[in-house]
Every structure is written in C-alpha cells, then in structure tokens.
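Summary of structural features
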Amino acid sequence: MVAAVYSFVVGMFIYRELKLRDLYALVLSAGKTTAVVMFLVAAAMVSAWLITVANIPTEVANLLEPFQGNKTLLMFVIMVLIVVVGTALDFTPTVLILTPVLMPVVLKAGIDPVYFGVLFIMNNAIGLITPPVGTVLNVVCGVAKITMDDAFKGVMPFFLAQLAVLFLLVFFPEIV
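1. Brief notes about the environment of proline 66
Relative to the helices and strands, proline 66 is located in the loop between α3 (56-64) and α4 (71-88). C-alpha of proline 66 to C-alpha of alanine 48: the two residues are 18 residues apart in sequence and 25 Å apart in space.

2. Thoughts on the environment of valine 10
The topology assignment puts valine 10 in helix α1 (residues 2-14). Setting aside chain neighbours within four positions, we find valine 10 in contact with Tyr15 and Arg16.

3. Notes on the side chain of threonine 94
By the secondary structure assignment, threonine 94 is in helix α5 (residues 91-108). When sequence neighbours within four positions are dropped, the list of residues in contact with threonine 94 reads Val85, Leu89, Thr99, Phe120 and Asn124.

4. Digging into helix α7 (residues 135-144)
Where α7 is concerned, the buried positions are Thr135, Leu137, Asn138 and Cys141. Buried residues of α7, seen end-on, are gathered within an arc of 160 degrees and therefore sit on one face of the element. On the buried face of α7, the contacting elements are α2 (20-53) and α8 (148-171). Two residues or fewer past α7, lysine 145 is found with a positive phi of approximately 55 degrees.

Scoring rules and cut-offs
- Residues numbered from 1 in each chain as written.
- Predicted model: local features only at pLDDT ≥ 70, side-chain atom pairs only at ≥ 80, totals over all residues.
- Heavy atoms only, no water.
- Helix = DSSP H or I, 4+ residues; strand = E, 2+ residues; numbered from the N terminus.
- Contact = heavy atoms within 4.5 Å.
- Buried < 20%, exposed > 50% of the residue type's maximum accessible area, 1.4 Å probe, protein only.
- Arc of directions from axis to C-beta.

See below:
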C-alpha cells in the first residue's frame, strides 16, 4: 500500500508522467496482474488442502525413515522432494505443509535445524521461479507481457546456479 501511494505521488507530482486520464487503465492493468497472482495462490492453497486431506505428509515422513542413517543422502532426498513440491505449490503452502512433516525427521537424524532451514528456504526460492506455478515467474510474465517459455529461458542460468549452490550445500554442509 505504501509503495503504491508513493508510486502514485512520484508519478503524478514529481515526474508528472502520470495523468488522471491514465489512472483507470493503470488500475485495471494492476487489477488483472493481481488477479492472476491471486488465482495462482488460491490454486496452490487448494492443492495444499488436497495434499493434507490425502495424508500425504505422513506418508512422506514414513518414506524418508530408511534414509535417516545417512545425513547427506537424507538431505539430498529431502531437497529433491522440496524441488518437486515447489514446482506445484507456492511458498506459503510448501512451508506450512512440509515443515511439520520434515522437521521431526531432520531432528531425529541429527541434522542442524538452522542448516535445514537455510536449505529449505533456498529450495522454496527455486520453486518461486519454476513452472508451472512459479508465482514470481508468472508475475514477471504478466508485467513484461511475455510467455512463460521466454521468461524461463531467461531465468534458466539463475535456476541452474541456484540448484548447483543448493546441492553444494547438501554435500558440503560446513559451507553453511
């Protein structure tokens, strides 16, 4: 809200590039972009609810138990899981669903919760630019009026760099 008011004041009174006649079109454009983002968030929340109702978190925790003997392998499997989930869910549902499921597994395996938290958040940041949900990617596409393919091609080097850093941190936890 503060940013919107600030932008309005600067555009209208300081730079004088914003005219009252343009205001309706700007509000309409911003509303369309916001509607797309909110639709994605709503769809992600429905997916999160379905995942919870299907008891998938408990099943995931049970599947991870055999990996608890090897911390590196466990973290690798968890990070792959979060990358996959991050492609389908937004940041908030991913955190709300997976944190209560994965944290007991991580603690039981003797993994530092701060280390896990850093990797978990980095991984969720990767999910924000990964199709099909990729909320940040969708916002960029809406604002720039480009296709998802074009946007992802531009993001691909950063995506690969983030994945490389993530897996370096998995295999060399002392870096964190």
